[in-house]
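Coordinate inspection notes
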Amino acid sequence: MPTEPLTNEVRLLRFLAQDMTQAELGQRVGLTRQTIAAIEQGRYSPSLEVAFRIADVFGKRLEEVFHWNPGATAKTADAK
Amino acid sequence: MPSFEKRAWLSLWSQCPPYIVYFLIQGLMPTVFTTFLERIACLAVVASVHAIAYLVGLALMKRQERGEPLLLDERDRAIDGRATRIAYFVLLTGMIVVGVVMPFTDTGWKITNTALFAIVLAETVRDVLIVTGYRGKARLAH
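Now for a look at the structure at hand.

Calculation criteria
- For every chain, the first residue of the written sequence is number 1, and numbering continues from 1 onward in sequence order.
- To read the labels, note that chains go from A and ligands from 1, taken in the order they are written.
- Confidence filtering applies because this is a predicted model: local features only for residues at pLDDT of at least 70, side-chain atom pairs given and counted only at 80 or more, and all residues used for totals across whole chains, interfaces and linings.
- The side-chain numbers reported here are obtained from all heavy atoms of the structure, hydrogens and water having been left aside.
- Think of it this way: any DSSP run of H or I at least four residues long counts as a helix, any run of E at least two long counts as a strand, and we number them from the N terminus.
- Three labels apply to residues, based on accessible area from a 1.4 Å probe with only protein chains included: buried if under 20% of the type maximum, exposed if over 50%, partly exposed otherwise in between.
- Any two residues having at least one pair of non-hydrogen atoms within 4.5 Å are treated as being in contact.
- With a 1 Å grid spanning the protein atoms alone, the term cavity applies to any set of points in which a 1.4 Å probe fits but cannot get out, the term pocket to an open set with protein on both sides within 12 Å along at least five of seven lines, and the term lining residue to any residue with an atom within 4 Å of a point.
- Grid points are joined across faces, edges and corners, and a volume is the space filled by probe spheres set on the points.
- Each residue gets one label: Ala, Val, Leu, Ile, Met, Phe, Trp, Tyr, Cys and Pro are nonpolar, Asp, Glu, Lys and Arg are charged, and the others, such as Gly, are polar.
- In this scheme Phe, Tyr and Trp rings, the latter by its six-membered ring, pair at centre separations within 6.5 Å, and the angle between planes marks the pair as stacked below 30 degrees, edge-to-face above 60, and tilted otherwise.
- Note on disulfides: each one is a pair of cysteine sulfur atoms within 2.5 Å.
- Within this document, salt bridges are pairs made up of a side-chain nitrogen of Lys or Arg and a carboxyl oxygen of Asp or Glu, the two lying within 4 Å of each other.

On to the overall build of chain A, then. Looking only at helices and strands, one finds five helices and four strands in chain A. In chain A, the succession of α and β elements from N to C terminus is β-α-α-α-β-α-α-β-β. For chain A, with 80 residues in total, the buried portion stands at 42%. Long-range pairs, those at least 24 residues apart, make up 65% of the contacts in chain A between residues at least 6 apart in sequence.

Pasting the structure below:
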């Protein structure tokens, strides 16, 4: 069972998209390379708008890229 | 390393050493600077060292970045917002101590130095929280 409440397939989808770089994906969705890395590592949960943009880059639906795990209890430093 | 984190490190390293020296002198050797002019000169030197170190570091950083503007994305803004909010409460607490309590218990330079300490502490807390926001393991949510 995943320990993170929000997991994603961004790294896998980048690999499948002809090994797209983090910088390239970041440029296409308006984020820095470091933020894409943080999303992939589960250290940052993006806004809904950015999540949709990422899914759109790969031509996928949101739920195919990001997965919500209700039972997970990860430590969160809430930004709001 | 993100540009915003680099700036936080620069702010920490340019600010902390001179002010640590200043507060050590003021706290441990109160007889070194006694007159108003001596004390204000000491503060001016410390503030100048801080400003020069920061500006030189910033100029070097901008040269390294080849003049590209600092672009912040939503994660940078989230980290900044969280750090600034917590630092604000540190500053608020310091100002309450300085402006509400100390006028009845202390005078002169003790109040000035406590106010200065609160400002430096708040700024340091903000920089430390920015750095840990980028490096910490805890998940940051937008």
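Before going further, it helps to examine the layout of surface pockets. By volume, the largest pocket is sized at about 580 Å³. Forming the boundary of the largest pocket are 23 residues, of which Thr-32 of chain A together with Ser-3, Glu-68, Pro-69 and Leu-71 of chain B lie nearest the centre. Elements supplying a minimum of two residues to the lining of the largest pocket: α2 (22-29) and α3 (33-40) of chain A together with α1 (3-28) of chain B. Its residues assigned to classes, the lining of the largest pocket comprises nine nonpolar, seven polar and seven charged. Estimated volume of the second largest pocket: approximately 150 Å³. The wall of the second largest pocket is formed by Phe-4, Arg-7, Ala-8, Ser-11, Gln-15, His-50, Tyr-54, Glu-123, Arg-126, Asp-127 and Ile-130 of chain B. Listing elements by their share of the lining of the second largest pocket, those giving two or more residues are α1, α2 (36-64) and α4 (108-135) of chain B. Ranked by residue count, the leading element in the lining of the second largest pocket is α1 of chain B, at five residues. Partitioned by chemical class, the residues of the lining of the second largest pocket number four nonpolar, three polar and four charged.

Residue and element names in this part refer to chain B. Taken as a whole and assessed by the stated rule, the structure comprises five aromatic pairs over all chains. Relative to Phe-117, the ring of Phe-23 lies with its centre 5.4 Å away and its plane at 85°, an arrangement referred to as edge-to-face. Of this pair, Phe-23 sits in helix α1 while Phe-117 sits in helix α4, placing them 94 residues apart in sequence. Taking relative accessible area as the criterion, Phe-117 reaches 43% and is therefore assigned partly exposed. Put simply, the rings of Tyr-19, Tyr-22, Phe-23 and Phe-117 pair up and form one aromatic cluster.

What follows deals with empty space enclosed by the protein. Under the criterion given, the structure shown has one cavity of 30 Å³ or more. The space that makes up the largest cavity amounts to roughly 40 Å³. In terms of lining residues, the largest cavity is bounded by Leu-6, Asn-8, Ile-39, Gly-42, Tyr-44, Ser-45, Pro-46 and Phe-66 of chain A together with Arg-139 of chain B. Broken down by secondary-structure element, the contributors of at least two residues to the lining of the largest cavity are β1 (6-8) and β2 (44-45) of chain A. Here the lining of the largest cavity is composed, by residue class, of five nonpolar, three polar and one charged.

Further remarks concern the state of the cysteines. Applying the stated criterion across every chain yields a total of zero disulfides over all chains. Cysteine Cys-16 of chain B remains unbridged, with the sulfur of Cys-42 of chain B as its closest cysteine sulfur at 17 Å.

Residues and elements named next belong to chain A. In the Ramachandran plot, Gln-18 falls in the positive-phi region, its phi being about 55° despite a non-glycine side chain. Within the secondary structure, Gln-18 sits in the loop between α1 (10-16) and α2. You will see that Asp-19, though not glycine, has its phi angle at about 55°, which is positive. Along the chain, the position of Asp-19 falls in the loop between α1 and α2.

On inspection of all chains with the given rule, the structure shows eight salt bridges over all chains. The salt bridge involving Arg-61 of chain A is made with Glu-63 of chain A; its shortest N-O contact spans 3.0 Å. Using a relative accessible area of 47% as the deciding quantity, one classes Glu-63 of chain A as partly exposed. One salt bridge in this structure joins Arg-135 of chain B and Glu-5 of chain B, with 2.6 Å as the shortest N-O distance. In this pair, Arg-135 of chain B is assigned in helix α4 and Glu-5 of chain B in helix α1, connecting sequence segments 130 residues apart. Salt bridges sharing partners connect three or more residues here, namely Arg-11, Arg-14 and Glu-40 of chain A.

No statement about biological role is implied by the geometric values presented.
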